[in-house]
Amino acid sequence: AALSKKDGTRKMFTSRHENGVLVSMDFESFHLRLIADMIGYQFPTDMAVHEYLGRQYFDKDELTPEEYDEGKQISFTLLYGEGRDMEVPEFFTEVYKYVDMLMVLLNQNGYILSPYFKREIRKDRIEEPTPSKVFNYMVQLAETELNLAAINKIRPLFEGKKSCPVLYTYDSVLFDYDMTDGKELLTDTIQILSHDGKFPMRVDYGTNYNDLKRLQI
């Protein structure tokens, strides 16, 4: 999972099938969309989140590549920085409310519930809890819960198939796909992993893990 994307190391990983390719399914702006789902905020699904927020930062309808990258940095600073700027898009105002609510619940009840599985997370199990630390913990936990639930749902799709998932990282799943299994296997998998389109995905494929190109489905 930690292999470099720049030195060609990934080229050694190829499909085991004669008619196979590697297919990578990546979530678009997964952290931000996941947090939005946790707080009940709706991002557009027909536009990249960083494009959507960047247009608000720079007050324009078209971003340059440099503005797009700068906007990404602004977003993560607003999410995980120590200070709070209240002159921000509505999304971040709602995030701040959620962070404060977590700490209130943790201090009042002695525990908070995990976002999707509703498991009890006790305060005495969090070393020196701070608002930022508790929020980060909940986001990481939400990633795991949401993705493992989806991966469990796709297991029946691959029963009796040559194709199979081979690598999971927090925002993507890699498949060793045999083309004889048919296109429907891919579309059904995307439907489940994206939670019926709530979390848009980008799909790339290639003969090895290094040389992947975008697949339009």
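One structure accompanies this document, and this report is about it.

Definitions and cut-offs
- Residues numbered from 1 in each chain as written.
- Predicted model: local features only at pLDDT ≥ 70, side-chain atom pairs only at ≥ 80, totals over all residues.
- Heavy atoms only, no water.
- Helix = DSSP H or I, 4+ residues; strand = E, 2+ residues; numbered from the N terminus.
- Buried < 20%, exposed > 50% of the residue type's maximum accessible area, 1.4 Å probe, protein only.
- Contact = heavy atoms within 4.5 Å.
- Areas by Shrake-Rupley, 256 points an atom, 1.4 Å probe, with all protein chains shown as cover.
- Pairing = 2+ DSSP bridges.
- Phe/Tyr/Trp six-rings, centres within 6.5 Å; stacked < 30°, edge-to-face > 60°.
- Axes fitted to C-alpha atoms, helices over the stretch in contact; angles between N-to-C directions.
- Patch = residues over 30% accessible without salt bridge, like charges linked within 9 Å, V, L, I, M, F, W, Y side chains within 5 Å.
- Salt bridge = Lys/Arg side-chain N within 4 Å of Asp/Glu carboxyl O.

### Let's talk about the overall build of the chain
Logical step 1: Across its full length, the chain holds 6 helices and 7 strands.
Logical step 2: Beginning at the N terminus, the succession of helices and strands in the chain can be written as β-α-α-α-α-β-β-α-β-β-α-β-β.
Logical step 3: Overall size of the chain, expressed as C-alpha extent along the three principal axes, is 55 × 45 × 35 Å.
Logical step 4: Going through the 217 residues of the chain one by one, you find that 41% of them count as buried.
Logical step 5: Intrachain contacts of the chain at a sequence separation of at least 6 include 58% that bridge at least 24 residues.
Logical step 6: For the chain, the accessible surface area stands at approximately 12,500 Å², while carbon and sulfur atoms represent 49% of it.

### Comments concerning the pairing of strand 4 (residues 164-169)
Logical step 1: Sheet topology places strand 4 next to strand 5 (residues 172-178); 5 bridges connect them, and they run antiparallel. In the sheet register, L167 faces strand 5, and the bridge partner there is L174.
Logical step 2: Hairpin connection, strand 4 to strand 5: the antiparallel pair is bridged by 2 residues.

### As for the packing of aromatic side chains
Logical step 1: Tallied over the full model, the rule gives 11 aromatic pairs.
Logical step 2: With a centroid separation of 5.7 Å and 80° between ring planes, the pair formed by F43 and Y52 is classed as edge-to-face.
Logical step 3: Ring geometry for F76 against Y80: centres 6.4 Å apart, planes inclined by 5°, an arrangement best described as stacked. Highlighted residues: F76 and Y80, both in helix 3 (residues 65-80), separated by 4 residues, approximately one helical turn.
Logical step 4: Through successive ring pairs, a cluster of aromatic residues spans Y41, F43, Y52, F91 and F92.

### Observations concerning the environment of V23
Logical step 1: Structurally, the position occupied by V23 is in strand 1 (residues 20-27).
Logical step 2: Of the residues examined, V23 reaches a relative accessible area of 1% and is grouped as buried.
Logical step 3: A C-alpha to C-alpha distance of 6.8 Å links V23 and G206, two positions 183 residues apart in sequence.
Logical step 4: Setting aside residues no more than four positions away along its own chain, V23 makes contact with V173, L174, F175, Y177, L186, V203, D204 and Y205.

### Quick notes on unusual backbone geometry
Logical step 1: Non-glycine residue E128 carries a positive phi angle of around 45°.
Logical step 2: Among the structural elements, E128 can be located in the loop between strand 3 (120-122) and helix 5 (131-154).

### Quick notes on the sheet that holds strand 7 (residues 213-214)
Logical step 1: If you walk across this open sheet you meet the 5 strands as 4-5-1-6-7, and the pairing is antiparallel. Two strands close off the open sheet at either side, each with one partner strand: strand 4 and strand 7.
Logical step 2: The pairing of strand 1 with strand 6 (residues 201-206) spans 6 bridges and is classified as antiparallel. Residue pairing in the sheet places D26 in a bridge with R202 of strand 6.
Logical step 3: In the packing of helix 5 onto the sheet, the strands contacted are strand 1, strand 4 and strand 5, and the crossing angle to strand 4 comes to about 180°.

### Describing the pairing of strand 6
Logical step 1: Pairing of strand 6 with strand 7 involves 2 bridges; the strand directions are antiparallel. Each residue of the ladder has a partner; that of Y205, found in strand 7, is K213.
Logical step 2: The hairpin formed by strand 6 and strand 7 contains 6 residues between the paired strands.

### Considerations on a nonpolar patch on the surface
Logical step 1: A contiguous nonpolar patch, built from L148, Y168 and Y170 and spanning about 280 Å² of accessible area, is present on the exposed surface.
Logical step 2: Relative to the helices and strands, L148 is located in helix 5.

### Notes on helix 1 (residues 30-39)
Logical step 1: Most of helix 1 is tucked away: 9 of the 10 residues are buried.
Logical step 2: Every buried residue belonging to helix 1 is among F30, H31, L32, R33, L34, I35, A36, M38 and I39, and all of these are buried.
Logical step 3: Next to the buried residues of helix 1 lie strand 1, helix 2 (49-58), helix 3, helix 4 (90-109) and helix 5.
Logical step 4: Looking one or two places after helix 1, you find G40, whose phi comes out positive at around 80°.

### Points about the environment of Y170
Logical step 1: Locating Y170 in the fold gives a position in the loop between strand 4 and strand 5.
Logical step 2: For Y170, a relative accessible area of 41% translates into the label partly exposed.
Logical step 3: In this structure, Y170 is in contact with F30, H31, E143 and N147, ignoring residues within four places of it in sequence.

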